[in-house]
Each structure stands twice: as structure tokens, then as C-alpha cells.
Amino acid sequence: MMPQFLIKRRQVDKVGKSITDGVESTLSSMRFLQTAFKYDLVNYSALARLIKPVVQEKTGANTSLDALIMAIRRHALTFKKIEKADIYKMMSKSSVELLTDMFWINYRRSDDLYKKLLECEEKINWQSGEKMYIVQRSNEISVISVSKYANKLSALVDETQIFEKQGDTALITVELPPASHYTNGLWVFFANQFDEISVNVLSIFSSYTKISFLIDEKDTAVAYHKISNAIKESSRLAKMKGN
């Protein structure tokens, strides 16, 4: 049976297209395949069989599987391939750390608030493990801190100047080698890890060698386990590939 999204697409497009045009317009509606094309995971023959009825209706002519496969291959060339070996190499050299009992607050930005936040940050005892991260843009400021400072941070401004705040959060931080900045697909790799376990990421920020993900504290165990396993599996695969 033909998938419903292809049936709907077929009802929109008319006949008279070339095979290439027919394939391009059909695949453009299958956005979930974009990542698969980037990772070179697509079975072209199976995909050709799937879309053949739709392409034939678009072109108004019988179309061979070989011609469809060629058109699909040309479409795949528009995606820059992601070298998974490079991702495994970077992940194999990384480490993960976890901070629980964190507090997240988002303000409307003002110069006065920023000065107050800097004064708060000066009192953070980093040596004892306390953390406070300030991320700002032209009209908003986000702060992630140990929950010890939740009340003080909430009292810095009027409630009308606070967009949102949330306690009971956790911070998962991955330390990566500097070369990771030039490794295509690494951000997608992390996004897929959280997506596979249905964990929502509240905030993301990074520095030169570290990237941090703020999540709900109830998801801590499964998320930390997932990222830790991804590092272990990447190390195994990197060794297999000789990296």
C-alpha cells in the first residue's frame, strides 16, 4: 500500500514532468530522508520502488527502476555526505559530566540587570563545584545556576521582567577535542541521541571545548546513560576504522 503522504503528493502534482523533475518533486516532500541521504543510508532500489507510481503519474510515462535509481543518485549528490568516522573519532576522545539540582531563569535584558548578574557571579565558588552560566543577547539574558541561588536570581528584577524560570533541572556537559569544531554532523549526532530517548533539551550552550545540554532532572538517568554509551560505542567504532 502506498504511504498516505505520497498519495496526497500525487494528487497535487500533474503529469508532464521529466523523470528527474518527477523524482526531485517527490523526494522534496520526504524531508525525513534528508539525514539519511547525508549519512548515505538510503537504499536506492527500495526507494525507487516506493516512489515509482508517483513519478510515473507525474511524468505521464512508464518509468524503469534503473532510470529512477539514477535520478535518486543525482538527488543524493546535492547533500554533502557526513563522514561518520570523523564523528566517532571526536566522540571517542570526549568525556561527559553531570550536574543536578540546577536552576534556569530567563530575563528581559537590561544593563542594570547584567551588572547585578556579574556581581552574583563573583560570589560563585567555582572551586567547590558551584556553577553559574550567563548567556545574553540584545533583548534577553538566560542564566543557568546551582539552585542554591534560585531565590536571589529571582529577586533581581520584577516578575514582569522574567520570561520563564524552572528548577529541578540538570546539566549534561560533553568535553570534546578542539578539532570537533570542524567535524560536520556532530550537532546532528547529539540531537539524535536525545531524540532517540524522547528527552527534551531546554537549553544548549557551548564554549571552546565543551557543549552543555540542560534537561529536566527526571530525565537525568536515561540521558546520561545514552550519552555515556554513545561515547563508548564511538570508541569501539573508531578503533574498528583505525582512527
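Each remark here, short or long, concerns the structure printed above.
Note that the coordinates shown come from a computational prediction; the quantities given were computed from them, not determined experimentally. Every residue gets a number counted from 1 within its own chain, in the order that chain's sequence is written. Where totals are concerned, whole chains, interfaces and linings use all residues; where local detail is concerned, this predicted model gives features only for residues with pLDDT of at least 70, and gives and counts side-chain atom pairs only at 80 or more. Only heavy atoms go into the side-chain values, all of them from the structure, while hydrogens and water stay out.

### A short note on the environment of Ile-215
With respect to the helices and strands, Ile-215 occurs in strand β6 (residues 210-216). The spatial distance from the C-alpha of Ile-215 to the C-alpha of Ile-204 is 9.4 Å, given a sequence separation of 11 residues. Beyond its immediate chain neighbours, meaning those up to four positions away, Ile-215 contacts Thr-169, Ala-170, Ile-172, Phe-194, Val-199, Asn-200, Val-201, Leu-202, Thr-220 and Ala-223. Numbering of helices and strands starts at the N terminus; helices are DSSP runs of H or I of at least 4 residues and strands are runs of E of at least 2. When checking whether two residues touch, look at their non-hydrogen atoms; a contact exists if any pair is within 4.5 Å.

### Here's the deal with the sheet that holds strand β3 (residues 140-146)
Taken together, the 6 strands give an open sheet; going across it, the order is β2-β3-β1-β4-β6-β5, and neighbouring strands pair in antiparallel fashion. Both edges of this open sheet fall to β2 (132-136) and β5 (201-206), since each of them pairs with a single strand only. Neighbour-to-neighbour, the strand axes of the sheet open up by a mean angle of 30°, direction not taken into account. All axes are obtained by fitting lines to C-alpha atoms, using only the stretch in contact for helices, and the reported angles, taken between N-to-C directions, cover 0 to 180 degrees. Sheet contacts for helix α9 (residues 186-196): β4 (162-175), β5 and β6; angle to β6, the most-contacted strand, approximately 20°. Sheet strands in contact with helix α10 (residues 220-240) are β1 (95-108), β4 and β6, and its direction is about 130° off that of β1. Pairs of strands are assigned from DSSP output, requiring at least two bridges between the strands.

### Some details on the nonpolar core
Generally speaking, a soluble globular protein has its nonpolar side chains buried in company with each other. Core analysis: the largest hydrophobic core is formed by 24 residues, its most contacted members being Tyr-107, Leu-117, Val-143, Leu-153 and Leu-156. Listed by contribution, the elements that provide at least two residues to this core are β1, α7 (111-122), β3, α8 (150-154) and β4. For this core, the leading source of residues is β1, giving 6 residues. Those residues in contact with Leu-156 that sit more than four places away from it in its chain are Tyr-107, Leu-113, Lys-116, Leu-117 and Cys-120. In terms of nonpolar packing, the next biggest core, distinct from the first, is built from 20 residues, Val-96, Phe-194, Ala-230 and Ile-231 among them. Here the nonpolar core consists of buried residues drawn from Ala, Val, Leu, Ile, Met, Phe, Trp, Tyr and Cys, with membership extended through side-chain atoms lying within 4.5 Å. Partly exposed residues are those whose accessible area sits between 20% and 50% of the maximum for their type, while under 20% is buried and over 50% is exposed, using a 1.4 Å probe and protein chains only.

### A few points about the layout of surface pockets
Within this scheme a cavity is a closed region of a 1 Å grid, computed over the protein atoms alone, that accommodates a 1.4 Å probe without allowing it to escape, whereas a pocket is open but has protein on both sides within 12 Å along at least five of seven lines; lining residues each have an atom within 4 Å of a point. Grid points are joined across faces, edges and corners, and a volume is the space filled by probe spheres set on the points. If you add up the space inside the largest pocket, you get close to 260 Å³. In this structure, the largest pocket is lined by 15 residues; those nearest its centre are Tyr-39, Tyr-88, Phe-189, Gln-193 and Glu-196. Those elements that provide at least two residues to the lining of the largest pocket are α3 (34-38), α6 (84-92), α9 and α10.

### A closer look at the pairing of β4
When β1 meets β4, the two strands line up antiparallel, connected through 10 bridges. From the neighbouring strand, Ile-105 faces β4, where its bridge partner is Lys-165. Pairing between β4 and β6: 7 bridges, direction antiparallel. By the bridge assignment, Ile-172 is partnered in β6 with Phe-213.

### Quick look at the packing of helix α2 (residues 19-27) against helix α5 (residues 65-76)
For the pair α2 and α5, interaxial distance at closest approach is 9 Å and the crossing angle is 60°. As the angle between them shows, α2 and α5 are arranged oblique. Here α2 and α5 pass one another in a crossing that is right-handed. Listed contacts from α5 to Ile-19, Thr-20, Val-23, Glu-24 and Leu-27 of α2 are Ala-67, Leu-68, Ala-71, Ile-72, Arg-74 and His-75. Here is the rule for angles: anything less than 35 degrees is roughly parallel, anything more than 145 is roughly antiparallel, 65 through 115 is roughly perpendicular, and the remaining ranges are oblique. Crossing chirality is assigned from the near helix's rotation relative to the far helix, an anticlockwise turn below a right angle marking it left-handed and a clockwise turn marking it right-handed.

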